[in-house]
Amino acid sequence: MRRLLVALAAMAAILAPALPAHARAGFWAVTELDPLPAKVRPGVSYTVGFWVLQHGTHPYEGPGGLEPIGLRLTGEDGTTLTFDGTPLPEPAHYATSVNVPAGRWRVQGLQGMFAPYEIGTLTVPGGLKAAPPQFPVPAGTEVMDYWGPVKPPGFPWKATAVIPNRLPAATPAASAQPVRATQPARVSAAVDDPSPWRQPYALVAVAVAAVAGTLLVQRAARAAARRRPHDPPEREAREGEEVISAG
């Protein structure tokens, strides 16, 4: 068994470099910055918005949350500045406040369990020169709009089709529809679906019957335990007769 595991590990090490980066990682993420000021000056505080998008197109879908989230700036002398991100109302949207000294800084996005993402080089005073995309999204794909009015700056990432957000809260057009037009669809879906999870009254009835049966069985068991015969069966059969004993 040990030899088999060693062989599999060696095969994975050989094949991994031949796979695309996203296939090797199994999962990956991209950090997109909201538009920055035209010129960033030293000693001035700026609020920077950014997005952490799994597979470059959607919010993180794994268990738990992503920690840490933020921006990391590394200077030419090795100085490192880390700015923690604060979640904003939109999914996968964060913000942080930065105050950067003069110099050239390598900018990376901290993405929790995902590898840091190379955003580009920031020159202060000056602006940001974006790095080439590490995971280019292929053209001609479909993407989901999870956001509504406020979207990541790269949306829809060269997609040919955009699927509207299915959440009613983020689709004002759907919420403005008359109630008469939406009620029949929901009712017919509940009636046509034979799944027991669509029949709450049946589930309640089954649950009540099960609880009642359990209580009756327990009550009968307790009553049987309390009955203790004081006389043998033959004594009960002679109830009312006189018993004379000769001494």
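These remarks concern the structure in this document. Please read all numbers here as calculations on a predicted model, not as lab measurements.

Some points on the sheet that holds strand β7 (residues 103–111)
Across the sheet, which stays open at both edges, the five strands sit in the order β4-β3-β7-β8-β9 with antiparallel pairing between neighbours. Single-partner strands in this sheet number two, and they are β4 (80–84) and β9 (128–130). Averaged over all pairs of adjacent strands, the angle between their axes in this sheet comes to 25 degrees, without regard to strand direction. Where strand β8 (residues 114–124) meets β9, three bridges bridge the pair, whose relative direction is antiparallel. Its bridge partner being in β9, Leu122 is matched across the sheet by Leu128.

Quick look at the packing of aromatic side chains
To describe a pair of aromatic rings, you give the distance between the ring centres and the angle between the ring planes. Under the definition given, this model contains nine aromatic pairs. Consider the rings of Phe27 and Phe114, whose centres lie 4.9 Å apart with planes at 75 degrees: the pair is edge-to-face. Here Phe114 lies in strand β8 and Phe27 lies in the loop between α2 (21–25) and β1 (29–33), a separation of 87 residues in the sequence. Centroid distance Trp28 to Phe135: 4.2 Å. Interplanar angle 25 degrees. Geometry classified as stacked. A residue pair is termed long-range when its members are at least 10 positions apart, and Trp28 in the loop between α2 and β1 and Phe135 in the loop between β9 and β10 (142–144) qualify at 107 residues. Grouping residues by exposure puts Trp28 and Phe135 together as buried. Feature note: the residues Trp51, Tyr146, Trp147, Phe155 and Trp157 constitute an aromatic cluster, connected by ring pairs.

Concerning the sheet that holds β1
Judged by pairing direction, the sheet is antiparallel, and its four strands sit side by side in the order β1-β2-β6-β5 without closing on themselves. Two strands close off the open sheet at either side, each with one partner strand: β1 and β5 (86–87). In this sheet, strand β6 (residues 93–99) lies alongside β5 in antiparallel orientation, the contact comprising two bridges. Opposite Pro87, over in β6, you have Tyr94 as the bridge partner.

Points about the pattern of salt bridges
For the structure shown, the criterion picks out three salt bridges. Two residues, Arg104 and Glu76, come together in a salt bridge whose shortest N-O distance is 3.4 Å. With a gap of 28 residues between them, Arg104 in strand β7 and Glu76 in the loop between β3 (69–75) and β4 connect regions that are remote in the sequence. For Glu118, the salt bridge goes to Arg106, with nearest N and O atoms at 2.4 Å. Linking Glu118 in strand β8 with Arg106 in strand β7, this pair joins segments that are twelve residues apart in sequence.

Describing the pairing of β4
Look at any regular strand and the pattern is simple: side chains alternate between the two faces of the sheet. The pairing of β3 with β4 spans five bridges and is classified as antiparallel. Counterpart to Gly70 in the pairing with β4 is Asp84.

So, the environment of Glu118
Exposure remark for Glu118: the relative accessible area of 23% places this residue in the partly exposed category. Sequence spacing of Glu118 and Pro133 is 15 residues, and the spatial spacing of their C-alpha atoms is 8.2 Å. The residues touching Glu118, leaving out its near neighbours within four places in the chain, are Arg106, Val107, Gln108, Ala131 and Gln134. Among the polar contacts listed, one links the side chain of Glu118 to the side chain of Gln108, at a separation of 2.7 Å.

So, how was this worked out
Residues numbered from 1 in each chain as written. Predicted model: local features only at pLDDT ≥ 70, side-chain atom pairs only at ≥ 80, totals over all residues. Heavy atoms only, no water. Pairing = 2+ DSSP bridges. Helix = DSSP H or I, 4+ residues; strand = E, 2+ residues; numbered from the N terminus. Axes fitted to C-alpha atoms, helices over the stretch in contact; angles between N-to-C directions. Phe/Tyr/Trp six-rings, centres within 6.5 Å; stacked < 30°, edge-to-face > 60°. Buried < 20%, exposed > 50% of the residue type's maximum accessible area, 1.4 Å probe, protein only. Salt bridge = Lys/Arg side-chain N within 4 Å of Asp/Glu carboxyl O. Contact = heavy atoms within 4.5 Å. Polar contact = N/O pair within 3.5 Å; in protein donor to acceptor, adjacent residues only side chain to side chain.

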